[in-house]
Amino acid sequence: MPEAPLVVAAPTAPPKIRRKAPPALVIFGIGWLLLMLMVAVLADILAPYAYTALDLRNRLSPPILLGGTWLHPLGTDELGRDVLSRLIYSIRTSLLIAFGATIIGAVIGTSLGFLAAHFRGLVEQAVLALVDFSASLPFLILALAVLAFFGNSLVLLVCLLGLHAWERYARIARGLALAAGAQGYAAAVRGLGASPWRIYGRHVLPNIASTLIVSMTLAFPEVILLESGLSFLGLGVQPPETSLGSMVGYGREYLTRAPWILLAPASTIVLTTLSVSLIGDWLRDGLDPTLR
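Residues numbered from 1 in each chain as written. Predicted model: local features only at pLDDT ≥ 70, side-chain atom pairs only at ≥ 80, totals over all residues. Heavy atoms only, no water.

Asks: Give a description of the pattern of salt bridges that names residues and reports values.
Replies: Within the structure shown, the criterion is met by 8 salt bridges. A salt bridge links Arg-92 to Asp-44, with the nearest nitrogen and oxygen atoms 3.5 Å apart. Here Asp-44 lies in helix α2 (residues 43-46) and Arg-92 lies in helix α3 (residues 83-119), a separation of 48 residues in the sequence. Here Arg-92 falls in the partly exposed class, since its relative accessible area comes to 29%. Arg-168 serves as the salt-bridge partner of Glu-222, at 3.2 Å between the closest nitrogen and oxygen. One end of the pair, Glu-222, is in helix α9 (residues 196-232); the other, Arg-168, is in helix α7 (residues 166-183), with 54 residues separating them in the sequence. Here Glu-222 falls in the partly exposed class, since its relative accessible area comes to 29%. In this structure, a network of salt bridges that share partners links the residues Asp-77, Glu-78, Arg-81 and Arg-86. (Salt bridge = Lys/Arg side-chain N within 4 Å of Asp/Glu carboxyl O. Helix = DSSP H or I, 4+ residues; strand = E, 2+ residues; numbered from the N terminus. Buried < 20%, exposed > 50% of the residue type's maximum accessible area, 1.4 Å probe, protein only.)

Asks: Could you give me a rundown of the packing of aromatic side chains, with the residues and numbers involved?
Replies: Inspection of every chain in the model, using the stated rule, returns 4 aromatic pairs. When the ring of Tyr-51 is compared with that of Tyr-89, the centres are 4.9 Å apart and the planes differ by 50°; the resulting orientation is tilted. Of this pair, Tyr-51 sits in the loop between α2 and α3 while Tyr-89 sits in helix α3; the two residues are 38 residues apart in sequence, bridging distant segments of the chain. The pair Tyr-51 / Tyr-89 is uniform in exposure class, with both members buried. Ring centres 4.8 Å apart and planes at 55° place the aromatic pair Phe-99 and Phe-220 in the tilted group. With a gap of 121 residues between them, Phe-99 in helix α3 and Phe-220 in helix α9 connect regions that are remote in the sequence. (Phe/Tyr/Trp six-rings, centres within 6.5 Å; stacked < 30°, edge-to-face > 60°.)

Asks: Which residues make up helix α4 (residues 121-136), and what values go with them?
Replies: Over its 16 residues, α4 extends 23 Å from the first C-alpha to the last, a length consistent with the 22 Å expected when each residue adds 1.5 Å. Along α4, the residues classified as buried are Glu-124, Val-127, Val-131 and Ser-134. An end-on view of α4 places all buried positions within 95° of arc, on one side of the element. Exposed side chains of α4 directed beyond 90 degrees from the buried face belong to Leu-122, Gln-125, Phe-133 and Ser-136. (Expected span 1.5 Å × (residues − 1). Arc of directions from axis to C-beta.)

Asks: Tell me about the packing of helix α5 (residues 139-150) against helix α6 (residues 154-162), residues and numbers included.
Replies: Where α5 contacts α6, the two axes come as close as 11 Å, and the packing angle between them is 155°. Here α5 is positioned roughly antiparallel relative to α6, judged by the angle of their axes. Handedness of the crossing formed by α5 with α6: right-handed. Touching Phe-139, Ala-143, Val-146, Leu-147 and Phe-150 of α5 are Leu-156, Leu-157, Leu-160 and Leu-161, all from α6. (Axes fitted to C-alpha atoms, helices over the stretch in contact; angles between N-to-C directions. Parallel < 35°, antiparallel > 145°, perpendicular 65-115°, else oblique. Left-handed = near helix turned anticlockwise from the far one by under 90°. Contact = heavy atoms within 4.5 Å.)

Asks: Break down the side chain of Ser-231 for me, citing the residues and quoting the values.
Replies: Note on placement: Ser-231 falls in helix α9. Given the relative accessible area of 6%, Ser-231 is considered buried. Side chain to side chain, Ser-231 and Glu-227 meet in a polar contact 2.8 Å long. Residues in contact with Ser-231, not counting those within four places in the same chain, are Gly-236, Val-237, Ser-243, Gly-245 and Ser-246. (Polar contact = N/O pair within 3.5 Å; in protein donor to acceptor, adjacent residues only side chain to side chain.)

Asks: Could you give me a rundown of the packing of α3 against α4, with the residues and numbers involved?
Replies: α4 packs onto α3 with a crossing angle of 150° between their chain directions and a minimal axis gap of 7 Å. Taken together, the axes of α3 and α4 lie roughly antiparallel to each other. Where α3 crosses over α4, the two elements pack in a sense that is left-handed. Touching Leu-112, Leu-115, Ala-116 and Phe-119 of α3 are Gly-121, Val-123, Glu-124 and Val-127, all from α4. Split by residue class, the contact of α3 with α4 holds 6 nonpolar, 1 polar and 1 charged. (Nonpolar A, V, L, I, M, F, W, Y, C, P; charged D, E, K, R; others polar.)

So, in structure tokens, the structure goes:
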């Protein structure tokens, strides 16, 4: 009886992974944040005037929507300074402070978290005690005391805001570093003779980078609001420099006569913090394997 010919099934193509398009709000957030970054980088080109230029003849001039002229599209403040120009430079200052403080906090927290996970024992207990102390201390009161005692400077403000929420990164880095050790790949690399710098820098950090990035996007709007609050109280960015918070602080005295001085930076703060928060939530949902 003749044998039946073997039928070889044709190889099937791997299924294509369909990636969902980001929601409309996330697209708006990404677009707004890119616009703010472009404004910050090109502030010297986009600003029609210097942010300290005075035009006393047109002081408290209304914006175009309220009957103003194209000479000052968003109006002028109490000294005749162009609100649009000050807004553009304020965006650059506030984003510079927020980016710098967020990176400083992430570096400090991640480094201390890795130290606690590596040495354990007394070092871990000391780091955890410092984390608990920092989390229980009202940061705004600490910032007010430091700025009132040491004076105001942009470098001091960035470093001080960098201490905000560093304990969040420390907890995340320590927990994920311990989990990496339990999974075995960190111990395998250590068994091959790798140094701690190589273990945590080349193997542990890339595996936890997504979680840290999401935490940074969630802390970024908090830093913007803190800087705005300190500048509103007069302890943040000092004249002649300008920031979104300082514009809101100066505009509060003219809220009834010239509300556009306050509304322009306040709206920018709200939209920027909202955009970063939306992007952070979207990244968290996309990078969390349990939600896929």
